[in-house]
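Observations on the model geometry
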Amino acid sequence: MAQLLTESEIQEKVSVISGWTIEGAKLKTTRTFKDFIQAIEFVNKLVEPSESAGHHPDIEISYNKVKLQLTTHDAGGLTSKDFHLAEVISQIN
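Here is a short report on the structure shown in this document. (Residues numbered from 1 in each chain as written. Predicted model: local features only at pLDDT ≥ 70, side-chain atom pairs only at ≥ 80, totals over all residues. Heavy atoms only, no water.)

Here Lys 81 shows up in helix 4 (residues 80-90). Classification of Lys 81 by relative accessible area gives partly exposed; the value is 32%. It is 30 Å that separates the C-alpha atoms of Lys 81 and Lys 34, two residues lying 47 residues apart in sequence. Beyond its immediate sequence surroundings of up to four residues, Lys 81 is in contact with Ala 2, Gly 54, His 55 and Thr 72. (Helix = DSSP H or I, 4+ residues; strand = E, 2+ residues; numbered from the N terminus. Buried < 20%, exposed > 50% of the residue type's maximum accessible area, 1.4 Å probe, protein only. Contact = heavy atoms within 4.5 Å.)

Okay, the pairing of strand 3 (residues 58-62) next. With 5 bridges joining them, strand 3 and strand 4 (residues 65-70) adopt antiparallel strand pairing. By the bridge assignment, Ile 59 is partnered in strand 4 with Leu 68. Between the end of strand 3 and the start of strand 4, which pair antiparallel, lie 2 residues, with Tyr 63 showing a positive phi angle near 50 degrees. (Pairing = 2+ DSSP bridges.)

Although it is not a glycine, Tyr 63 adopts a positive phi angle of roughly 50 degrees. Considering the arrangement of structural elements, one finds Tyr 63 in the loop between strand 3 and strand 4.

Pairing is possible between side chains of opposite charge, provided their charged atoms come close. A full pass over the atoms with the stated rule returns 1 salt bridge. A salt bridge links Lys 28 to Glu 23, with the nearest nitrogen and oxygen atoms 2.9 Å apart. (Salt bridge = Lys/Arg side-chain N within 4 Å of Asp/Glu carboxyl O.)

A few words now on the nonpolar core. Formed by 20 residues in total, the largest nonpolar core has its most connected members in Trp 20, Leu 27, Phe 42, Val 66, Leu 68, Phe 83 and Ile 89. Elements that contribute at least two residues to this core include exactly helix 1 (7-14), helix 2 (36-45), strand 4 and helix 4. With 4 residues, the top contributor of residues to this core is helix 4. Aside from chain neighbours lying at most four places away, what touches Ile 89 is Trp 20, Arg 31, Phe 42, Leu 46 and Leu 68. (Core = buried A, V, L, I, M, F, W, Y, C linked by side-chain atoms within 4.5 Å.)

With that settled, consider the side chain of Asp 35. With respect to the helices and strands, Asp 35 occurs in the loop between strand 2 (26-32) and helix 2. At 2.9 Å, the side chain of Asp 35 and the backbone nitrogen of Gln 38 are in polar contact. (Polar contact = N/O pair within 3.5 Å; in protein donor to acceptor, adjacent residues only side chain to side chain.)

Spelled out as structure tokens, the structure:
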């Protein structure tokens, strides 16, 4: 099982990834697209890196907005797995 990060480690890691915030024990971002089709295309691009990492975001789609949340459920909070996947997701257009 992945090890939980300390509050200072969490703050350090979130400060270097643009567009992500911490809310409770979750790492969150919202991406806005031109339309629903582009939003779904983005979500489809998340499949391969999420499967490769064995770590999956919680996804909420509302027309052209995609809200993502990351947390390591089996560890009960944020781990390095969450921040690694957030960095990968941040590179996806």
